[in-house]
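# Structural description and commentary
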Amino acid sequence: MKNLKKVLSLVLALAMALSLMTVAFAKDASDYADYSKVTNKEAVDVMTAVGVFDGMGGNNFQPTGTLTREQAAKIITYMIMGKDEADKLVTIAPYSDVSADRWSAGAIAYCTNEGIISGVGHNKFAPTDELTGLQFAKMLLVALGYDPDIEKFTGDSWAINVSKLAIS
């Protein structure tokens, strides 16, 4: 019986070690040139290691930069699908201001199709517009499975409803 427990322990340890190999060989957040300016290093380390964050052009993270609508769509798509699958998306976004060859077009189309995001009206998405924390919270809640219609994330009181749920 003791040998069986040892074998099972070894198998479990090996399985856990193999599951971490992806993280072990992933990009290291400390490689960002501006890593010293990052205040939430552990969060950035984890999100970089699992492939959700990969920096902003070149070798910078830009921790004091502004999150845009298209960047948020890309982050959420990477979180849901994984980087490799998300990068294969070739779907054309259904907005007149998002060209088919735009770097974020696949993520915007995916998030739109999943009901995670919507445009700003008049067939526009405004991909480079700043995203507020509340708007990002709404996107994350919908990505987690909350129904925007049931939770009343649309209409005049969407911000209040998102805030209440996000806080809880």
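Above: the structure in question.
What counts and how
- Residues numbered from 1 in each chain as written.
- Predicted model: local features only at pLDDT ≥ 70, side-chain atom pairs only at ≥ 80, totals over all residues.
- Heavy atoms only, no water.
- Core = buried A, V, L, I, M, F, W, Y, C linked by side-chain atoms within 4.5 Å.
- Buried < 20%, exposed > 50% of the residue type's maximum accessible area, 1.4 Å probe, protein only.
- Helix = DSSP H or I, 4+ residues; strand = E, 2+ residues; numbered from the N terminus.
- Contact = heavy atoms within 4.5 Å.
- Salt bridge = Lys/Arg side-chain N within 4 Å of Asp/Glu carboxyl O.
- Lys, Arg positive; Asp, Glu negative; His and termini not counted.
- Polar contact = N/O pair within 3.5 Å; in protein donor to acceptor, adjacent residues only side chain to side chain.
- Phe/Tyr/Trp six-rings, centres within 6.5 Å; stacked < 30°, edge-to-face > 60°.

### Examining the nonpolar core
By size, the foremost hydrophobic cluster in this structure holds 34 residues, and its most contacted members are Ile108, Ile117 and Met139. The set of elements that each furnish at least two residues to this core consists of α4 (69–81), α6 (105–113) and α7 (133–143). Among the elements that make up this core, the one with the highest residue count is α6 (6 residues). For Ile108, the residues in contact, after removing those within four places along its chain, are Glu70, Ala73, Ala93, Tyr95, Val98, Ile117, Phe125 and Pro127.

### Let's talk about the pattern of salt bridges
Across all of its chains, the model carries 4 salt bridges by this definition. Among the ionic pairs, Lys74 bridges to Asp87, the shortest N-O distance being 3.7 Å. Of this pair, Lys74 sits in helix α4 while Asp87 sits in helix α5 (residues 83–87), placing them 13 residues apart in sequence. Using a relative accessible area of 18% as the deciding quantity, one classes Lys74 as buried. Using a relative accessible area of 37% as the deciding quantity, one classes Asp87 as partly exposed. One salt bridge in this structure joins Asp87 and Lys83, with 2.7 Å as the shortest N-O distance. Of the two residues, Asp87 and Lys83 both sit in helix α5, 4 residues apart, roughly one turn of that helix. Overlapping salt bridges, with partners in common, bring together Lys74, Lys83 and Asp87 in one network.

### As for unusual backbone geometry
For Gln62, which is not glycine, the phi torsion reads 55° and is therefore positive. Along the chain, Gln62 falls in the loop between α3 (41–49) and α4.

### Topic: the side chain of Asp34
Here Asp34 is to be found in the loop between α2 (21–24) and α3. Comment: no salt bridge for buried Asp34; closest opposite-charge side chain is Lys37, at 5.9 Å. Polar contacts involving the side chain of Asp34 include one to the main-chain amide nitrogen of Phe61, which spans 2.7 Å. Among the polar contacts made by the side chain of Asp34, one reaches the main-chain amide nitrogen of Gln62 at a distance of 2.8 Å. Not counting residues within four places of it along the chain, the set of residues in contact with Asp34 comprises Asn60, Phe61, Gln62 and Pro63.

### Remarks on the side chain of Arg69
Inspection of the secondary structure assignment puts Arg69 in helix α4. Buried charged residue Arg69 carries no salt bridge. Nearest counter-charge: Asp129, at 5.6 Å. Reaching out from Arg69, the side chain makes a polar contact with the backbone oxygen of Ser118 at a distance of 2.8 Å. Not counting chain neighbours up to four residues away, the residues in contact with Arg69 comprise Ser118, Gly119, Val120, Phe125, Ala126, Pro127, Asp129, Glu130 and Leu131.

### What about the environment of Ala159?
Position of Ala159 relative to the elements: it lies in helix α8 (residues 158–167). With a relative accessible area of 25%, Ala159 lands in the partly exposed category. Taking C-alpha positions, Ala159 is 8.1 Å from Gln135, a pair spaced 24 residues apart along the chain.

### With respect to the packing of aromatic side chains
What describes a pair of aromatic rings is the distance from one ring centre to the other and the angle between the planes of the rings. Evaluation of the coordinates by the stated rule reveals 3 aromatic pairs. When the centroid spacing of 5.2 Å and the interplanar angle of 35° are considered together, the rings of Tyr32 and Phe61 count as tilted. Separated by 29 residues along the polypeptide, Tyr32 in the loop between α2 and α3 and Phe61 in the loop between α3 and α4 bring together distant segments of the chain. The residues Tyr32 and Phe61 share a single accessibility class, namely buried. Taking 5.2 Å as the distance between ring centres and 40° as the angle between the ring planes, the aromatic pair formed by Tyr95 and Phe125 counts as tilted. Pair noted here: Tyr95 is in the loop between α5 and α6 and Phe125 is in the loop between α6 and α7, with a separation of 30 residues, a long-range link. Considered together, Tyr95 and Phe125 belong to a single accessibility category, that of buried residues.

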